[in-house]
Amino acid sequence: QLQLQESGPGLVKPSETLSLTCTVSGGSISSSSYYWGWIRQPPGKGLEWIGSIYYSGSTYYNPSLKSRVTISVDTSKNQFSLKLSSVTAADTAVYYCARHVRAVADNNWFDPWGQGTLVTVSS
Amino acid sequence: QSVLTQPPSVSAAPGQKVTISCSGSSSNIGNNYVSWYQQLPGTAPKLLIYENNKRPSGIPDRFSGSKSGTSATLGITGLQTGDEADYYCGTWDSSLSAGGVVFGGGTKLTVL
C-alpha cells in the first residue's frame, strides 16, 4: 500500500532554512487527482496545513506561511520537498507529509500520512 | 485561533455514544466537504471520514459523519478505550485570508 516517509534535519538554527523531503513508496507521485501535502503540529497543539503540490508543479500554500514556503516535486525520485525560510522557535513542530486527495475544488482530504518528523528550531 | 471551532474535550463511558462538533462559516464548511481525522497518542493522524460522511476501507461503522449548514459532527458509538485520541475536522476555506485547507483545533476524547 501507499507509504510516505519524511526525512531531514531534526535541528535547525533560527533564521536558517528548514528543509524536509517526503519519499513516496507503493505508488506513483505522478498519479492524477492527487496532490501531495505538508502539515505541521507544534508540540501539544493542533494541525496546520502548510501547502500542497501537484506532480506538474502546481502549488497551493497557506497564506500565513506563503512568503516563507517553497514546495517542490521530483517525479524521477517519487519525492516532494518542503523549504521553510527564516525559521524561528515558533516553527518547532512535528512535520507530516500526506497524500492530498483533491477530488474537486471543494472536496479535499489527506490519506495516508507519513509518521512525522520533529524539527526543533534552536541555536 | 483555528478557523474551525471544536470543543477542547469530550468524555463518555465505554459502550456509550459521543458526538464532536465542528463549527465554521460559509467560506469553509458551508460550501465545502468536511473530513475527520483520529490521532492516537504519539502517532500520526489517520483519516476517519471524508466527503462529510464516507468511511475509508477499514474504518468501523461505529464512526459516522454529518454536515448541516456551516457545522459538521463526528459521531462515535459503542465507545472503546482504544478510541481515546484527539479528533480533528478539516475542510477547504475559500476566503482570501485563510484560503486553503483549514483544521479545527482538535478535541480530546476521554473514555471514562
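Everything here concerns the structure above.
Residues numbered from 1 in each chain as written. Chains lettered and ligands numbered in written order. Predicted model: local features only at pLDDT ≥ 70, side-chain atom pairs only at ≥ 80, totals over all residues. Heavy atoms only, no water.

Peer 1: When you look at the state of the cysteines in this model, what are you seeing that I'm missing?
Peer 2: In a disulfide, the sulfur atoms of two cysteines are covalently bonded to one another. Residues and elements named next belong to chain A. Counted by the stated rule, this structure contains two disulfides over all chains. Across a sulfur-sulfur distance of 2.1 Å, Cys 22 and Cys 97 are joined as a disulfide pair. Between Cys 22 and Cys 97, the S-S dihedral sits near 65°, and the bridge is therefore right-handed. Of the two residues, Cys 22 is situated in strand E3 (residues 18-25) and Cys 97 in strand E9 (residues 93-104); the sequence distance between them amounts to 75 residues. (Disulfide = S-S within 2.5 Å. Helix = DSSP H or I, 4+ residues; strand = E, 2+ residues; numbered from the N terminus.)

Peer 1: Looking at this model, I keep getting lost on the pattern of salt bridges. Mind explaining?
Peer 2: On inspection of all chains with the given rule, the structure shows five salt bridges over all chains. With a shortest N-O distance of 2.5 Å, Lys 54 of chain B and Glu 51 of chain B are connected by a salt bridge. A residue is classified by how much of its surface remains accessible, and Lys 54 of chain B, at 39% relative accessible area, is partly exposed. When salt bridges with common partners are traced through the structure, they connect Arg 40, Glu 48, Arg 68 and Asp 91 of chain A into a single cluster. (Salt bridge = Lys/Arg side-chain N within 4 Å of Asp/Glu carboxyl O. Buried < 20%, exposed > 50% of the residue type's maximum accessible area, 1.4 Å probe, protein only.)

Peer 1: How should the sheet that holds strand E6 (residues 71-76) of chain B be read in this particular structure?
Peer 2: Neighbouring strands of a sheet are bound in pairs by backbone hydrogen bonds; such pairs are parallel or else antiparallel. Residue and element names in this part refer to chain B. Spatially, three strands are ordered E2-E6-E5 in an open sheet, and the strand pairing comes out antiparallel. Edge positions in the open sheet fall to strand E2 (18-23) and strand E5 (63-68), since each of these has one partner strand only. When strand polarity is set aside, the average angle formed by the axes of neighbouring strands in this sheet is 20°. Relative to E6, E2 is paired through six bridges, and the arrangement is antiparallel. Opposite Thr 19, over in E6, you have Gly 75 as the bridge partner. (Pairing = 2+ DSSP bridges. Axes fitted to C-alpha atoms, helices over the stretch in contact; angles between N-to-C directions.)

Peer 1: In this structure, what is going on with the packing of aromatic side chains? I would like to understand it.
Peer 2: The geometry of two aromatic rings is summed up by the distance between their centres and the angle between their planes. Residue and element names in this part refer to chain A. Evaluation of the coordinates by the stated rule reveals 13 aromatic pairs over all chains. On the basis of an interplanar angle of 50° and a centroid distance of 5.5 Å, the ring pair of Tyr 35 and Tyr 60 is categorised as tilted. Residue Tyr 35 is located in strand E4 (residues 34-41), and its partner Tyr 60 is located in strand E6 (residues 59-61); the two are separated by 25 residues in the primary sequence. In this structure Tyr 35 comes out as buried when scored by relative accessible area, which is 11%. (Phe/Tyr/Trp six-rings, centres within 6.5 Å; stacked < 30°, edge-to-face > 60°.)

Peer 1: Whenever I open this one, the interface of chain A and chain B confuses me. Can you help?
Peer 2: Size of an interface, as often reported, equals the accessible area lost when the parts are brought together. Each partner contributes residues to the interface: chain A has 23 residues there, and chain B has 22 residues. Across the chain A to chain B interface the summed buried area is about 1800 Å²; carbon plus sulfur atoms make up 63%. Ranking the residues of chain A by area buried against chain B places Leu 47, Asp 106 and Trp 109 of chain A at the top, with a combined share of 30%. At the junction of chain A with chain B, the criterion picks out zero salt bridges. Put simply, chain A and chain B have six residue pairs in polar contact (both at pLDDT 80 or more) between them. Elements with a minimum of two residues in the side of chain A that touches chain B: E4, strand E5 (48-54), E6, E9 and strand E10 (107-113) of chain A. The dominant element in the side of chain A that touches chain B, judged by the number of residues it contributes, is E10 of chain A, at six residues. Within the side of chain A that touches chain B, the residues separate by chemical class into 11 nonpolar, seven polar and five charged. (Contact = heavy atoms within 4.5 Å. Buried area = accessible area lost by both parts, 1.4 Å probe. Polar contact = N/O pair within 3.5 Å; in protein donor to acceptor, adjacent residues only side chain to side chain. Nonpolar A, V, L, I, M, F, W, Y, C, P; charged D, E, K, R; others polar.)

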